[in-house]
Amino acid sequence: MYFQQKYERGFGTFPLKGRDLSEALSTALDVGYRAIDTAQMYQNESDIGKTLEHSGITRQELLITSKVPIDKYTQKDFTPSVERSLEQLKIDSLDVLLLHWPPADGDIEQPLEFLLNAQQSGLCKHIGVSNFTSSMLRRCKELTDTPIVTNQVEFHPLLNQDTLLQASAETGIPLASYCSVARGEVFKVDLLKQLATDYDVATGQIVLRWILQKGVSVNAMSTNPVNIRANFDVLSFTLSNVDMARIDQLTHTNYRIVDKHLVPWAPEWD
Ligand SMILES: NC(=O)c1ccc[n+]([C@@H]2O[C@H](COP(=O)([O-])OP(=O)(O)OC[C@H]3O[C@@H](n4cnc5c(N)ncnc54)[C@H](OP(=O)(O)O)[C@@H]3O)[C@@H](O)[C@H]2O)c1
């Protein structure tokens, strides 16, 4: 399966650990998920490694993403932190390695260099970023010709990300979502519930399908087998242009979950 096809439906693993992680991830693999999203900060890489080892799924089938936290953006710490991720995940190389956040001073040049070095040494196949603003995406393009395969950001129907979508189209750096169902907030919205009835699917499926049709890959986390299956089963229907536009209207809510209150080092968002 091609990278983009596999990557477009990823299973998120924050904040799962231990038995919760292994049960949810095993269900996700059973329903067909092959892209798995983790991060050093989630402290669950070793639980993921153990679950994958016993899954019977070959390494080639999987697409594993992890992320380096900002306190490891130093010459001394970056590479060893990635080597530790590999050891815990029990793999030789990550499929995708991301900078989890832009550095506090906003100067991305050095962390990007560390990331490129990690790729050149074979620690990862692809590189990407997370929580980068439009200007940072443009700066990435100035600094390197190496493809940056994703910018993982908060993306759901209650948040307007048009500026970032525009920068993504301009730079060719695709977006991937997190907080895809706005941690449950989307389930309160009447329009989304109505569309779920109209299309005879679950509300979560309407939301994830809208994200995909915006050209954005999805990361969704669930511990509930019914939701895990539904979140993966989002390719069998298509939202009409009219309904896409109706959902687009909801983005004016501008409800953002991951802001400076939650993450003090978050950048000034677009
Ligand atoms: N790069 C970053 O900085 C960053 C930040 C945050 C998250 N992430 C990644 O993105 C992933 C997803 O984001 P998230 O987990 O924060 O938020 P989310 O996917 O918006 O919300 C997860 C919550 O939604 C519920 N849920 C999921 N699907 C559902 C459905 N179909 N119907 C009803 N409820 C549903 C889950 O409950 P149940 O378990 O009951 O289904 C869970 O409590 C994370 O796991 C992580 O891998 C990355």
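Keep in mind the model is a prediction, meaning the values are calculated, not measured.

Rules and cut-offs
Residues numbered from 1 in each chain as written. Predicted model: local features only at pLDDT ≥ 70, side-chain atom pairs only at ≥ 80, totals over all residues. Heavy atoms only, no water. Core = buried A, V, L, I, M, F, W, Y, C linked by side-chain atoms within 4.5 Å. Buried < 20%, exposed > 50% of the residue type's maximum accessible area, 1.4 Å probe, protein only. Contact = heavy atoms within 4.5 Å. Phe/Tyr/Trp six-rings, centres within 6.5 Å; stacked < 30°, edge-to-face > 60°. Helix = DSSP H or I, 4+ residues; strand = E, 2+ residues; numbered from the N terminus. Lys NZ or Arg CZ within 6 Å of the ring centre and 35° of its normal. Pairing = 2+ DSSP bridges. Right-handed = clockwise from strand over helix to strand, strands pointing away. Near = heavy atom within 4 Å. Polar contact = N/O pair within 3.5 Å; in protein donor to acceptor, adjacent residues only side chain to side chain. Areas by Shrake-Rupley, 256 points an atom, 1.4 Å probe, with all protein chains shown as cover. Axes fitted to C-alpha atoms, helices over the stretch in contact; angles between N-to-C directions.

1. Observations concerning the nonpolar core
Judged by nonpolar contacts, the single largest core of 79 residues is most densely connected at F78, L94, L97 and I247. Setting aside chain neighbours within four positions, we find I247 in contact with P157, L191, L192, L195, I206, W210 and L239. Counting seven residues, the second largest nonpolar core, distinct from the first, contains A35, L63, L98 and A176.

2. Digging into the packing of aromatic side chains
The full count for this structure, using the stated rule, is ten aromatic pairs. Ring centres of W101 and W269 lie 6.0 Å apart, and the angle between their planes is 50°; on these two criteria the pair is classed as tilted. Here W101 is found in the loop between β4 (94–99) and α5 (109–120), whereas its partner W269 is found in the segment after α11 (241–250), with 168 residues between them in sequence. Overall, the relative accessible area of 5% leaves W101 in the buried class. Here the aromatic cluster, defined as three or more aromatic residues joined through ring pairs, consists of F11, Y33 and F232. The ring centre of F232 lies 3.7 Å from the NZ or CZ of R9, which sits over that ring.

3. Looking at the pairing of strand β3 (residues 63–68)
Counting buried positions along β3 yields six of six residues, so the element is predominantly enclosed. Residues L63, T65 and K67 of β3 are buried on one face, and the alternating residues I64, S66 and V68, pointing to the opposite face, are buried as well. Of the pairings in the sheet, the one linking strand β2 (residues 35–37) to β3 comprises three bridges and is parallel in character. Across the sheet, the residue bridging to A35 is L63, located in β3. Once you follow β2 into helix α3 (residues 45–53) and on to β3, the crossover reads as right-handed. Pairing of β3 with β4, which is carried by four bridges, proceeds in the parallel orientation.

4. Digging into the site of the ligand
Taken together, 25 residues are adjacent to the ligand, and D37, R183, S222, T223 and N231 come closest. Between C179 and the ligand, the recorded distance is 3.1 Å, taken from a backbone N or O atom to an oxygen atom. When the ligand is considered free in solution it has 890 Å² of accessible area, and contact with the protein chains removes 84% of it.

5. Digging into the sheet that holds β3
The strand order β7-β6-β5-β4-β3-β2-β1-β8 describes an open sheet built from eight strands, whose pairing is parallel. Each of the sheet's edge strands pairs with one partner strand only, and the pair in question is β7 (175–178) and β8 (218–220). Within this sheet the neighbouring strands show an average axis-to-axis angle of 30°, counted without direction. Helix-sheet contacts for α5 involve β4, β5 (124–130) and β6 (148–154), and the interaxial angle to β5 is about 160°.

6. Some words on the environment of L137
Structurally, L137 is set in helix α6 (residues 134–143). With 30 residues separating them along the chain, L137 and A167 place their C-alpha atoms 7.0 Å apart. Setting aside anything within four residues of it in sequence, one finds L137 in contact with V129, F132, N151, L164, A167, S168, T171 and I173.

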